[in-house]
Structure formats: C-alpha cells, structure tokens
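Below are the chains, spelled out letter by letter.
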Amino acid sequence: MTEKIIDTKAIEQVSDNLFQGVAEIIDDARQRVVVYVNKHANMMFWQIGHFINEDLGYKQYSSYGDKILATLSQRLTARYGKGYTYSAVTRMMKVARLYPEEEIFATLSQTLTWSHFLELVTIEDGTKRLFYQQMGIAEHWSVRQLRDKQDAMTYERSLIAVKPEDEIVRTLEKISPTHMEPDAVLRNSYVLDFLGLSGYYTEEELEDAIARQLEEFILELGQGFAFLERQKRFTIDGTDYKLDLLFYHRKLKCLVAIDLKLGKFKPQYKGQMELYLKYMQKYDMQPDENPPIGLLLCSEGNTEHIELMMLNEDRIKVAQYLTCLPDKQWFVDKLNRSILIAKEYKNQNEDGRRQDVAHANTDVRTLPNKQIEPHHHSRHHRKGQ
C-alpha cells in the first residue's frame, strides 16, 4: 500500500483562496448590515424630530415648549436610556427641521451617519452646509475629517465660494463619489507653512521646498491629486518652456498644471499658462480625459485684478499661497472681498446689457416711419444687421 504524498503548497494555495473568498463574503455582509442599521437609526431619529416639530409647532420655541420637551426627554430616558436626553431630542428636531424632505434625508442616510448630520446642522449657512455635505459624501469624510475641514476654512478657501448662491448650489448638486467639479476642488488660497520658508526666497527655493515636502503639499492641495512631473519641458517653435509642477486629479480626470510665482498675479501669466494647456491638450491628454486645468500660485494677492481677469475662466485658476498660517478672519475677509468684486462685476454687466437693450429700443422708436420695413421683409433686415 502506497501512501499518498500530500502537497503542502497546494493545500495552502487552496486554503488561501477559500479564505479570501469567505472573507469577502463576510466583509460585504458586515458592510451591508452597517449601512442598513445606520440608515434605519437615522430615519428613526429623523422621524422623532419631525413628529415633535409637527406636533408642537411654534410652541417648541417658548418656555412652555421647553418644559414639555424636558418632561418628554425624562420619560424617554427612563424607558430607552441616555440616547434621549433633552439635548439629544432637540438635535433630532433640528436635523428634521434643516432636512425637511424625508426622501432626500433617506438617500443621504445611505452614506452619512447620524454623527455627520449632527455636525452638519451646526453650520447655519445653508450653502456652506451643502458644500460640506456634498464634499463629505464625495470624498468619504469621517466625522473627524468633516470637523477638520471646517476648522481649516475649506469652504471659505474654495474657488466656488465666490460665485452667486444659485450657481454654487447647481454646481454642488452635480458632485458625487464619481464626479467632481474643479471650483469645489481648487482653492483661492493655500497654506504652505510646512515649507519652513520665511523672508526672501527664490522661485527655485520654493519649488525645492515643495519637492522635499511633497506629501504635505499634496495633502494641502486636497484629495485625489497624484504627482506626475517636476519641471515639465515644452518645446514650441524651437523655444523651451518649463512648467513647475504637473499633477493628475483622479475625479476631475484631467492634468493639473501648477506654476509658482513670486509677487502678485500679472496678466502675462495667464497667456503663458494658456500656451501650456493647449500644448498638453494636443500632446499629453488621453482620449478618456478632460482638458487640463492650470493653477497659478502667487505669493501675494491682488484680489480685484484676479477676479476681473478670471471670473469667467474655466480652465485657468489663480490662488495665493501663504508660507505662514493667518488667523481665520483673514480667510473670511478675503472671501468677502472676492464676493463683493464678483457682485459688482455682475451688476455692471447687467446694467450694460440693460443699457444696450434700452438704446436698441430707442433707436427703433425714433426711426422715421418710412424707414421701418414691413413685416414680410424683417428676415432680410435682420440678416443684414
């Protein structure tokens, strides 16, 4: 009788394959359970808040309403535990008030936890809250990351914050885990205090410092950036050009060209960046990619000049970099200046269009009768204008 030789390696390989397969089943099931429990817990808290809001109505804002809520929370806590304290119940009411549509809340609950909602409702400004909500979903922020992003003034520093409110909302509503918008990703200011630069330094020294602290620099840029190249060379009509830094953004699905500048933004920088982008679109862009985007990083801010030059520019962005961290009010003041300039620019354009229409109407009204052509000739008249 011959003994069978057991192939240990074959057993290990089969066992390993089985383990991986079973582990995937368990992990997937656990994830679905977590999503299920999270969604239904969220809906229960929302329904409690909604029910109380509807039942109490305006009375909830009075001392009478406070006493009712205090009594209610005591009774709920006695029966169900500490999750129904007065503060917990009032937070449920606030979430239900700020997210009044049950269907929308149920959809958001598939990705956001109750702790996310409790953090989001502390943001009083609805547009800002929508920014953190949508970006949090798209980039899978934890509650701690959500807090950190607010503390870092991510909304105030975003390029999207300066736009009109209706445009911000339309743009943010497009954002998802598979789609991102450039103005939500890119910022109007970047804090590079980790570079250790102070006083006078050259563009080369700045670039060298970034190269040494590349990981920190990418973290400051935001999620989704991948470093590709430093000092990328272009040769156009025998003339050599160099781009400081080249990145790729996974969700934007495009190349991001970054040029570092000392001092304030100058109009010629825009023309140079346009040249780089056209070259890369022709020679470097892949068939499934979006057109490249350019980011000009300047050490000094000249807000009005930048806003007027770049307000309607989709592919070239300008931002200020700071080598030391300012206080939070600095970011708020910068945003307010940008918003004011954008509004003035918009109002001037609208006034100009109204004046053009008024002049056109005046011209028609003041024409002698013999110059006004009959209706059947109007098509030829418009064609000749």
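Here the residue numbers are simple positions, counted from 1 along each chain's written sequence. Thresholds applied to this predicted model are a pLDDT of at least 70 for local features of residues and 80 or more for the giving and counting of side-chain atom pairs; totals over whole chains, interfaces and linings are not thresholded and use all residues. As a convention, hydrogens and water are excluded, and side-chain values are obtained from all of the structure's heavy atoms.

Undergrad: Pulling in residues and values, what's your account of the environment of L335?
TA: Going along the chain from the N terminus, every DSSP run of H or I of four or more residues is numbered as a helix, and every run of E of two or more is numbered as a strand. If you trace the backbone, L335 turns up in helix 15 (residues 328-365). Accessibility expressed as a relative area gives 8% for L335, which makes it buried. Linking L335 and R157, residues 178 residues apart in sequence, is a C-alpha distance of 7.3 Å. In what follows, a contact means two residues having at least one pair of non-hydrogen atoms within 4.5 Å. Once residues within four sequence positions are removed from consideration, L335 is found in contact with E156, A161 and V162. We call a residue buried when its accessible area falls under 20% of the maximum for its residue type, exposed when it is over 50%, and partly exposed in between, using a 1.4 Å probe and counting protein chains only.

Undergrad: Quick one: what's the story with the layout of surface pockets, residue by residue and with numbers?
TA: For the second largest pocket, the calculated volume is near 320 Å³. Grid points spaced at 1 Å over the protein atoms alone were grouped into cavities, where a 1.4 Å probe fits but cannot get out, and pockets, open sets with protein on both sides within 12 Å along at least five of seven lines, with lining residues defined by an atom within 4 Å of a point. As for the second largest pocket, its lining consists of 16 residues, and the residues nearest its centre are A152, R157, V191, E220 and L325. Of all the secondary structure elements, the ones that give two or more residues to the lining of the second largest pocket are helix 7 (143-151), helix 12 (214-221) and helix 15. Of all the elements, helix 12 adds the most residues to the lining of the second largest pocket, at three residues. Classification convention: Asp, Glu, Lys, Arg as charged; Ala, Val, Leu, Ile, Met, Phe, Trp, Tyr, Cys, Pro as nonpolar; all other residues, Gly among them, as polar. Each residue belonging to the lining of the second largest pocket can be placed in one class, and the counts come to eight nonpolar, no polar and eight charged. Grid points are joined across faces, edges and corners, and a volume is the space filled by probe spheres set on the points.

Undergrad: Can you explain the sheet that holds strand 3 (residues 239-249)? Please cite residues and give values.
TA: Here the rule is simple: two strands pair whenever DSSP picks up at least two bridges between them. Pairing is mixed across the open sheet formed by six strands, whose spatial order is 1-6-5-4-3-2. Looking along the sheet, the strands with just one partner apiece sit at the ends: strand 1 (189-191) and strand 2 (225-236). Averaged over all neighbouring strand pairs, the angle between strand axes comes to 30°, with direction disregarded. In this structure, strand 1 lies alongside strand 6 (residues 316-322), joined through three bridges in parallel fashion. In the sheet register, S189 faces strand 6, and the bridge partner there is Q320. The axes used here are C-alpha line fits, helices contributing only the stretch in contact, and every angle between their N-to-C directions lies in the interval 0 to 180 degrees. Of the strands in this sheet, strand 1, strand 2, strand 3, strand 4 (254-261) and strand 5 (293-298) are in contact with helix 12, which crosses strand 3 at around 70°.

Undergrad: Tell me about the packing of helix 2 (residues 63-80) against helix 3 (residues 86-98), residues and numbers included.
TA: Direction vectors running N to C along helix 2 and helix 3 enclose 115°, while the axes themselves pass 8 Å from each other. In terms of orientation, helix 2 lies roughly perpendicular with respect to helix 3. Here the hand of the crossing between helix 2 and helix 3 comes out right-handed. Residues D66, L69, A70, S73 and L76 of helix 2 touch helix 3, and the partners they reach there are Y86, V89, T90 and M93. When the residues that make up the contact of helix 2 with helix 3 are grouped by side-chain class, the tally is six nonpolar, two polar and one charged. Oblique is the label for any angle not covered by the other classes, which are roughly parallel (under 35 degrees), roughly antiparallel (over 145) and roughly perpendicular (65 to 115). Helix crossings fall into two classes, left-handed where the near helix is turned counterclockwise from the far one by less than a right angle and right-handed where it is turned clockwise.

Undergrad: So what about the pattern of salt bridges? Which residues, and what values?
TA: Salt bridge, as applied in this entry: a Lys or Arg side-chain nitrogen positioned within 4 Å of an Asp or Glu carboxyl oxygen. Across all of its chains, the model carries 16 salt bridges by this definition. The salt bridge partner of E220 is R157, with a shortest N-O separation of 2.2 Å. Here E220, found in helix 12, pairs with R157, found in helix 8 (residues 154-157); they are 63 residues apart in sequence, far enough to count as distant. What makes E220 buried here is its relative accessible area of 14%. With its nearest N and O atoms 4.0 Å apart, the salt bridge here joins K232 to E229. The class for K232 is buried, based on a relative accessible area of 10%. Residue E229 is classed as partly exposed on the basis of its relative accessible area, which comes to 33%.

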